[in-house]
Amino acid sequence: MLSTYFSGKLPVSIGNLTKLNVLDLSENYFSGNIPSSLGNLLQLTYLSLSYNNFSSGTLHWLGKLTNLQVLKLEETNSYGPIPSSSRNMTQLAQLWLTSNQLTGQIPSWLANSTQLTKLLLSKNELQGPVPDSIFQLPNIQIVDLHFNNLSGSLRYDSFLRSKYLSIIQLSMNHLSLVSNTYVNVTLPKFQILSLGGCNLIEFPAFLRGQHQLEVLMLPSNNIKGYVPNWIFTLERLSLMNLADNFLKGFERPRSDGDTLARTNLIGLNLTCNELEGPLPIPPPSIANYDVSQNKFSGHVSPLFCNLTSLSALDLSDNNLSGNLPSCFGNLGSSSLVLNLRNNTLSGKIPDNFTSGCALKLMDFSQNKIEGKVPRSLANCSKLEILNFEENEMNDVFPSWLGILPRLRILSLRSNKLHGVIGQPLSKFEFNRLQIIDLSDNNFTGKLPLEYFRNWFAMKSVDYDHLAYMEASTIFNTTNYIWTTRYPYFIRIVNKGRERAYNRILEFFVVVDLSSNKFEGEIPKMIGTLRALQSLNLSNNILTGHIPSSLGNLKDLEALDLSLNELSGDIPLQLSVFNISYNNLTGPIPRGNQFGTFQNDSFLANSGLCGHPLSKRCGDTRTSPLPPLEDEDAKSPFEFSWEIVLIGFGSGLVIGVAFGCALDTRKYEWLFKKKFSRRN
């Protein structure tokens, strides 16, 4: 059923349709409680209420629907245990209860549901063991239990004896899979196998010969050693996730060529292992290739330029060196994500990004890249984040980037950029910019007043939209739709400390122009950027008074004006964080946040007096300030990456997201089986 955009509450009178056999109201906007009168529809064989906006409620009304064959209540805001009265639904063939808040154990009565083919209980809060009896059901095809709190041990032969089982998902629980003596039975023909975080110490031997296998997910285990060659003989394998293990490399390739290049993989995730040596060349079919956080070394091969299907390339946090291939810019024609952060790459970025460039995320930060910002990036009209921080680029301010209509984050910190930042050619340049970091360069002249006028996205933000900036790639294969999400990453000096932001909220707004040679007064116009949460103008040659218009920045979390030549009084309405090392005079205002600041916020302003300084106003006596304390203050905009899974409107959603302790960018794999609704 396609969404018909119905809304409002379901009437209680729906329970009067006692002769109804099929009821599908999924993917609409119904709200309120699910009426318990649905329990009167005793003739129902098919019921789907998935993906609406129902209020929280239990499933106490289910027990009477003994003729149900298909029950789909995904993301219906249901909570509590699966009711024991449901044991009477002996005709049940499909049970879809994913993405709720169901608690308790997997009910034992499921062992009596001999017609059951599909059991989907993922993304709930179920506890306890996984009953062996589930896998002994004679017709079971799909068991999806990932992302719960299930615990205990489960032997391989629990599911290897199942005749029709093709999809099994146990990832993101607290389970331990235990190997046992090989079972001499005809093994199931798996299509999807997801065993992330199941305490595996080796590749399961039963995977040999699984030539129907399309998706293999083994992240967050304790697998050591080498990826076996026989994995790559599984000709239908299209996606493999081996992230967050202790893998050191691949077994020696056969004589007929490189092992990895001979596969049909579309997605490969090897992040957060101990892989070393030259960078493996993926097959031409590859779309998503992530080998970040390993020990790969050497150059990036020109063979990467032949990957015409590539949508995301993440080589970050390795030991790669040398120049990029001259054809590397051509990857932008298909790729949404290019991440080469934190290597030792040198030379210039190839300036050959063509018209129709698809890039949304480009991060070449923390390398030794030289030269200018490539002018051909003007062709990348979809670019949202451009991060070249901590390189050796020598250029003037790339004002031409202002024509990029979607650019939201620009970081050029710690390079060799220089010169005066001029005026924009139009009032539409950089109007979506929310984060700009030009710190630690050699810019001169006055602060860019006219650009402040253009930064419209810094003047108002939507605080109700609690989401994170990210790029996502979506691909269709024969049987699945799968999505990968790449949260944006940036390092920002906030409250005197450099902080890594692994996830950036949609409403985060930052301006950092510190450690340059800007001079003159702070323009009053900067007070119109009302959404600013962090403003750093420290370590410049700014003079004059602190403009009272900065008091309009009500959302400001951190303000650093230290190490300048500012003078005059502190505006009464201004709540400042750091104004040390200036020439400010007069009493420190009372009220607002001034009473919460430490002495070091006002260091080396001999004319200041009043609390919290020991110098009283009108008193020429001073006492030395206490030493700076090393406070590890937490910013409200710092978030650890939680393991999440997002559901789709219909079909089977399959996926694993993983968290690596050392990971600086994590993302999720999502899959959707293309089943028909009545299948």
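Residues numbered from 1 in each chain as written. Predicted model: local features only at pLDDT ≥ 70, side-chain atom pairs only at ≥ 80, totals over all residues. Heavy atoms only, no water.

### Points about the overall build of the chain
In terms of helices and strands, the chain carries 2 helices and 49 strands. When the accessible surface of the chain is summed, it comes to about 27,500 Å², and 49% of that surface belongs to carbon and sulfur atoms. (Helix = DSSP H or I, 4+ residues; strand = E, 2+ residues; numbered from the N terminus. Areas by Shrake-Rupley, 256 points an atom, 1.4 Å probe, with all protein chains shown as cover.)

### Quick word on the state of the cysteines
With the rule as written, the count across this model stands at 2 disulfides. The disulfide that involves Cys-305 links it to Cys-327, with 1.9 Å between the sulfurs. Because the torsion about its S-S bond is 90°, the bridge between Cys-305 and Cys-327 counts as right-handed. On the criterion of sequence distance, the pair formed by Cys-305 in the loop between β24 (295–298) and β25 (312–314) and Cys-327 in the loop between β26 (319–323) and β27 (337–339) is long-range, its members being 22 residues apart. Note that Cys-357 is cross-linked by a disulfide to Cys-380, the S-S spacing being 2.2 Å. A torsion of 90° about the S-S bond marks the disulfide between Cys-357 and Cys-380 as right-handed. (Disulfide = S-S within 2.5 Å.)

### Brief notes about the pattern of salt bridges
For the structure on display, the rule yields 15 salt bridges. A salt bridge links Asp-395 to Arg-375, with the shortest nitrogen-to-oxygen separation between them at 2.7 Å. Remark: Arg-375 occurs in the loop between β30 (368–370) and β31 (385–387) and Asp-395 occurs in the loop between β31 and β32 (409–411); sequence separation between them is 20 residues. When its relative accessible area of 3% is taken as the criterion, Asp-395 is described as buried. On the basis of relative accessibility, which here comes to 33%, the residue Arg-375 falls in the partly exposed class. (Salt bridge = Lys/Arg side-chain N within 4 Å of Asp/Glu carboxyl O. Buried < 20%, exposed > 50% of the residue type's maximum accessible area, 1.4 Å probe, protein only.)

### Looking at the side chain of Asp-24
Its location among the elements puts Asp-24 in strand β2 (residues 22–24). Only 2.7 Å separates the side chain of Asp-24 from the side chain of Ser-26, close enough to count as a polar contact. (Polar contact = N/O pair within 3.5 Å; in protein donor to acceptor, adjacent residues only side chain to side chain.)

### A short note on the pairing of strand β38 (residues 490–494)
Where burial is concerned, most of β38 is hidden: 4 out of the 5 residues are buried. The sheet contact formed by β38 and strand β39 (residues 497–501) spans 5 bridges and is antiparallel. Bridge assignment links Ile-492 to a residue of β39, and that residue is Arg-499. Where β38 folds back on β39, the antiparallel hairpin that results is connected by 2 residues, among which Lys-495 adopts a positive phi of roughly 55°. (Pairing = 2+ DSSP bridges.)

### Observations concerning the sheet that holds strand β15 (residues 174–178)
Backbone-to-backbone hydrogen bonds join strands into a sheet, with any given pair of strands oriented parallel or antiparallel. Pairing within the open sheet is parallel, and its 3 strands lie in the order β11-β13-β15. Single-partner strands in this sheet number two, and they are β11 (127–128) and β15.

### Quick notes on the sheet that holds strand β28 (residues 344–348)
The strand order across the open sheet formed by 5 strands is β22-β24-β26-β28-β30, and the pairing between neighbours is parallel. Two strands bound the open sheet, and with one partner strand each, they are β22 (276–278) and β30. The mean inter-strand angle of the sheet, taken between neighbouring strand axes irrespective of direction, is 20°. Here β22 pairs with β24 via 3 bridges, running parallel. Paired with Pro-278 across the bridge in β24 is Ser-297. (Axes fitted to C-alpha atoms, helices over the stretch in contact; angles between N-to-C directions.)

### Comments concerning the packing of aromatic side chains
According to the stated counting rule, one finds 18 aromatic pairs in the structure shown. Judged by centre distance (5.3 Å) and plane angle (70°), the ring pair of Tyr-156 and Phe-206 falls under edge-to-face. One end of the pair, Tyr-156, is in the loop between β13 (149–155) and α1 (157–160); the other, Phe-206, is in the loop between β16 (192–194) and β17 (215–217), with 50 residues separating them in the sequence. In this structure Phe-206 comes out as buried when scored by relative accessible area, which is 4%. Here the guanidinium or amino end of Lys-224 rests over the ring plane of Phe-246, the centre of that ring lying 5.2 Å away. Positioned over the ring face of Tyr-468 is Arg-503, at 3.8 Å from the centre of the ring. (Phe/Tyr/Trp six-rings, centres within 6.5 Å; stacked < 30°, edge-to-face > 60°. Lys NZ or Arg CZ within 6 Å of the ring centre and 35° of its normal.)

### Some points on the nonpolar core
In this structure, Phe-159 and Tyr-289 are the most contacted members of the largest nonpolar core, which totals 151 residues. Contributions of two or more residues to this core are made by β13, α1, β15 and α2 (449–454). Tyr-289 has contacts with Leu-260, Leu-268, Leu-279, Pro-280, Pro-282, Phe-304, Leu-310, Ala-312, Leu-313, Asp-314 and Leu-315, leaving out every residue within four places of it along the chain. (Core = buried A, V, L, I, M, F, W, Y, C linked by side-chain atoms within 4.5 Å. Contact = heavy atoms within 4.5 Å.)

### So, the confidence of the model for the chain
On average, residues of the chain score 84 in pLDDT, and 81% of them reach the 70 mark or higher. Ranking the elements of the chain by mean pLDDT puts strand β48 (residues 652–657) last, at 36, and β31 first, at 98. Here residues 591–596 scores under 50 on pLDDT; set against residues more than four positions off or in separate chains, the count is 14 contacts. Between residues 661–679, whose pLDDT stays under 50, and residues either more than four places distant or in other chains, the model counts 108 contacts. (pLDDT = per-residue confidence, 0-100.)

### As for the pairing of strand β35 (residues 442–446)
Two faces make up the sheet, and in a regular strand the side chains alternate between them. In terms of strand pairing, strand β33 (residues 418–420) meets β35 through 3 bridges, oriented parallel. Each residue of the ladder has a partner; that of Gly-419, found in β35, is Phe-443. Bridge count between β35 and strand β41 (residues 517–520): 3 bridges; the pairing is parallel. Within β41, the residue paired with Lys-446 across the bridge is Glu-519.

### With respect to the environment of Gln-212
With respect to the helices and strands, the residue Gln-212 is situated in the loop between β16 and β17. Taking relative accessible area as the criterion, Gln-212 reaches 31% and is therefore assigned partly exposed. Excluding its chain neighbours within four sequence positions, the residues that come into contact with Gln-212 are Lys-189, Phe-190, Gln-191 and Arg-236. There is a polar contact of 2.8 Å between the side chain of Gln-212 and the side chain of Arg-236.

### Comments concerning unusual backbone geometry
The bulk of non-glycine residues show a negative phi, and the bulk of peptide bonds are trans. Of note in the backbone geometry, Phe-430 takes a positive phi value of approximately 60° without being a glycine. In this fold, Phe-430 is placed in the loop between β33 and β34 (435–437). With a phi angle near 55°, Ser-515 is a residue other than glycine that sits in the positive phi range. Locating Ser-515 in the fold gives a position in the loop between β40 (510–512) and β41.

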